[in-house]
Amino acid sequence: MYKAPRGTTDILPADQPYWRYVQTKAAKISQRFGYSRIDTPVFEDANLYVRSVGEGTDIVEKETYTFKDKGGDMISLRPEGTAGVCRAYVEHGMVSLPQPVRLAYMESFFRYERPQAGRFRQFHQFGVEAIGDADASIDAEVIDLGWRFIQDLGLGNMTLVLNSIGDKECRPVYLKALRGHYAANLGRVCPDCKMRFEKNLLRVLDCKRTDFACQEVINDAPKATEHLCAPCKEHWEQLNSYINALGIPMVINHNLVRGLDYYTRSVFEIQPQEEGAQSTILAGGRYDGLIEELGGKPTPGVGFATGIERIILNLKRQNISVESPRTYKVMIAHLGKAADLEAVALASELRKAGVSAAVASGGKSLKAQMRQMSALETPTAIIIGDNELAQKSVVVRDMTKATQQTIPMADIVSFIKNL
Ligand code: ATP
Ligand code: MG
């Protein structure tokens, strides 16, 4: 017996209406904000992620599926979307387009993680990037897009969490203060934090452990927003004013840092209020150094990604109903060999006319055929027997009202179409 690989799932027909619901909302919101769809390859040069996401990050160090292909090139399955989109921006000279270039993607990503609720090894994200404009109003636009997307999905009880982690001028100053604080408290924090202290200092603020003094040390830690250089401070204050003007309920969290090295200035997440650490459904930020890092001209950018599996989890938790289309509008029951041929031909005619139709199976018994239609919740039945054939007519039955009428064969397609 084969099973789907650990951390992957089959999206079965019963779940597809949720996927279509989210995908349709994502396409609509992208269109309304003027973000054009882009698709990038499922795999890229492994170095792309080392250069962008960063060497000491969990994603690159532990989670990326990397392998040597048959030609000897190091390849990674994409663990996230921003690096590939920025690579495409540089490769295709999008710098010569009107800036910012607004792009949206919706695709699958791969991370070797410990699978649990809302955490998979193959998962899907809808994300957007606005590349080529450093103004805080673009951060606000991207956040507004994300917030509207969540609202349009009907999800309630969500909070926007915001922070600024500075840029290459002021981050080192902040990191120095943070390092001093942790050096003085290193004996009290967990082994993971000790490791982060050496390798990826900012991530200590992300620690969720309560079996050591990590939370206390985090609370007393210096705050990034108090160490911003003048331009970063101005950007941060402008962003706050824009978010207030947009009326989005916002919480500033000084401990919000993101797990990717490329972020500068604004970082943000949208989180369900009732849940713990692993529930973020949307996460993003500004990445003003990334395009240059990938070999382009210095170009600012900002974007976010949402986890579609986590969104669907929340839609189900909040009992948000999505439209699930009936399998068939009409099914044709038939009795006798001649009627069988007529049924197959009529089903074909109906489909040609744009009606979803099928011939009922269930053998010779009319009862069994009708039972199948009830099980599939087919709203309309067409019944063809010897009598009907002789009179060149069919019986049309309304399955919910349990009423029926006889319709001439010549009129049946247009009659069903107009139902
Ligand atoms: P987390 O802290 O939960 O691991 P992350 O910081 O690694 O998240 P991002 O790389 O910012 O996540 O991805 C953006 C969003 O994509 C997340 O907020 C989440 O909704 C979703 N996501 C990330 N990793 C996974 C995964 N393994 N399975 C399902 N969804 C995921
Ligand atoms: Mg992660």
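Conventions adopted
Residues numbered from 1 in each chain as written. Chains lettered and ligands numbered in written order. Predicted model: local features only at pLDDT ≥ 70, side-chain atom pairs only at ≥ 80, totals over all residues. Heavy atoms only, no water. Helix = DSSP H or I, 4+ residues; strand = E, 2+ residues; numbered from the N terminus. Buried < 20%, exposed > 50% of the residue type's maximum accessible area, 1.4 Å probe, protein only. Contact = heavy atoms within 4.5 Å. Areas by Shrake-Rupley, 256 points an atom, 1.4 Å probe, with all protein chains shown as cover. Lys, Arg positive; Asp, Glu negative; His and termini not counted. Charge placed at Lys NZ, Arg CZ, Asp CG, Glu CD. Pairing = 2+ DSSP bridges. Axes fitted to C-alpha atoms, helices over the stretch in contact; angles between N-to-C directions. Phe/Tyr/Trp six-rings, centres within 6.5 Å; stacked < 30°, edge-to-face > 60°. Lys NZ or Arg CZ within 6 Å of the ring centre and 35° of its normal. Core = buried A, V, L, I, M, F, W, Y, C linked by side-chain atoms within 4.5 Å. Domains from an automatic or database assignment. Near = heavy atom within 4 Å. Polar contact = N/O pair within 3.5 Å; in protein donor to acceptor, adjacent residues only side chain to side chain. Nonpolar A, V, L, I, M, F, W, Y, C, P; charged D, E, K, R; others polar.

Focus on the overall build of the protein
Move 1: Secondary structure assignment for the protein yields 15 helices and 16 strands.
Move 2: With respect to the three principal axes, the spread of C-alpha positions in the protein is 95 × 50 × 50 Å.
Move 3: Relative to its 419 residues, the protein shows a buried fraction of 48%.
Move 4: Taking the intrachain contacts of the protein between residues at least 6 apart in sequence as the baseline, contacts between residues at least 24 apart amount to 69%.
Move 5: A total accessible area of about 20,900 Å² is found for the protein, and carbon and sulfur atoms account for 51% of it.
Move 6: Taken as two groups, the 51 positive and 50 negative side-chain charges of the protein have centres that lie 6 Å from each other.

Digging into the sheet that holds strand E2 (residues 43-45)
Move 1: The strand order across the open sheet built from three strands is E2-E4-E3, with neighbouring strands paired in antiparallel fashion. Edge strands, defined here as strands with exactly one partner in the open sheet, are E2 and strand E3 (66-68). Going across the sheet, the axis of each strand differs from the next one's by a mean of 35°, ignoring polarity.
Move 2: Two strands pair when backbone bridges link them, and E2 and strand E4 (residues 74-77) are joined in this way by three bridges, in the antiparallel orientation. When the sheet's bridge partners are listed, Asp45 is paired in E4 with Ile75.

Quick look at the packing of aromatic side chains
Aromatic rings considered in pairs are described by the distance between their centres and by the relative angle of their planes.
Move 1: Summed over all chains, the structure comprises seven aromatic pairs.
Move 2: Each ring, one from Tyr65 and one from Tyr112, has its centre 5.9 Å from the other, and the planes form 80°; the classification is edge-to-face. Note that Tyr65 is positioned in the loop between helix H3 (58-63) and E3 and Tyr112 in the loop between strand E5 (101-110) and strand E6 (122-131), a separation of 47 residues in sequence.
Move 3: Relative to Phe109, the ring of Tyr105 has its centre 5.9 Å away and its plane inclined at 70°; by these criteria the two rings are edge-to-face. Side by side, Tyr105 and Phe109 carry an identical accessibility label, which is buried.
Move 4: What links up through ring pairs into an aromatic cluster is the set Tyr105, Phe109 and Phe123.
Move 5: The aromatic ring of Phe109 is capped on one face by Arg78, whose charged end is 5.2 Å from the ring centroid.
Move 6: Directly above the ring of Tyr18 sits Lys316, whose terminal nitrogen or CZ lies 5.0 Å from the centroid.

What about the sheet that holds strand E1 (residues 36-37)?
Move 1: Read from one edge of the open sheet, eight strands run E1-E5-E6-E11-E10-E9-E7-E8, paired in mixed fashion. Looking at the sheet topology across the chains shown, the edges are occupied by E1 and strand E8 (250-252).
Move 2: Summarising the sheet, strand E7 (residues 158-164) and strand E9 (residues 264-272) pair through seven bridges and their orientation is antiparallel. From the neighbouring strand, Thr159 faces E9, where its bridge partner is Gln271.
Move 3: The strands that helix H4 (residues 82-91) touches are E5 and E6; relative to E6, the one it contacts most, it runs at about 40°.
Move 4: This element, helix H5 (residues 136-152), spans E5, E6, E7, E9, strand E10 (282-286) and strand E11 (301-307) of the sheet and lies at about 15° to E11.

Topic: the nonpolar core
Move 1: In this structure, Leu178, Tyr182 and Leu205 are the most contacted members of the largest nonpolar core, which totals 49 residues.
Move 2: Here this core takes five residues from H4, the largest share from any one element.
Move 3: Within the second largest apolar cluster, 46 residues are counted, among which are Leu153, Cys170, Cys232 and Ile281.

Description of the domain arrangement of the protein
Much of the literature gives interface size as the accessible area that the parts lose upon coming together.
Move 1: For the protein, the assigned domains read domain 1 (16-170 + 228-317) and domain 2 (330-418).
Move 2: Distance between the C-alpha centres of domain 1 and domain 2: 51 Å.

What about the site of ligand 1?
Move 1: In the vicinity of ligand 1, 14 residues are found, and the nearest of them are Arg111, Glu113, Phe120, Gln125 and Arg258.
Move 2: One of the side-chain N or O atoms of Gln125 is found 2.8 Å from an oxygen atom in ligand 1.
Move 3: Between an oxygen atom of ligand 1 and a side-chain N or O atom of Arg310, the distance comes to 3.2 Å.
Move 4: Expressed as a share of its isolated accessible area of 580 Å², the protein-covered part of ligand 1 is 88%.
Move 5: If you list the elements that add at least two residues to the shell around ligand 1, you get E6 and E11.
Move 6: When grouped by side-chain class, the residues that make up the shell around ligand 1 number five nonpolar, four polar and five charged.

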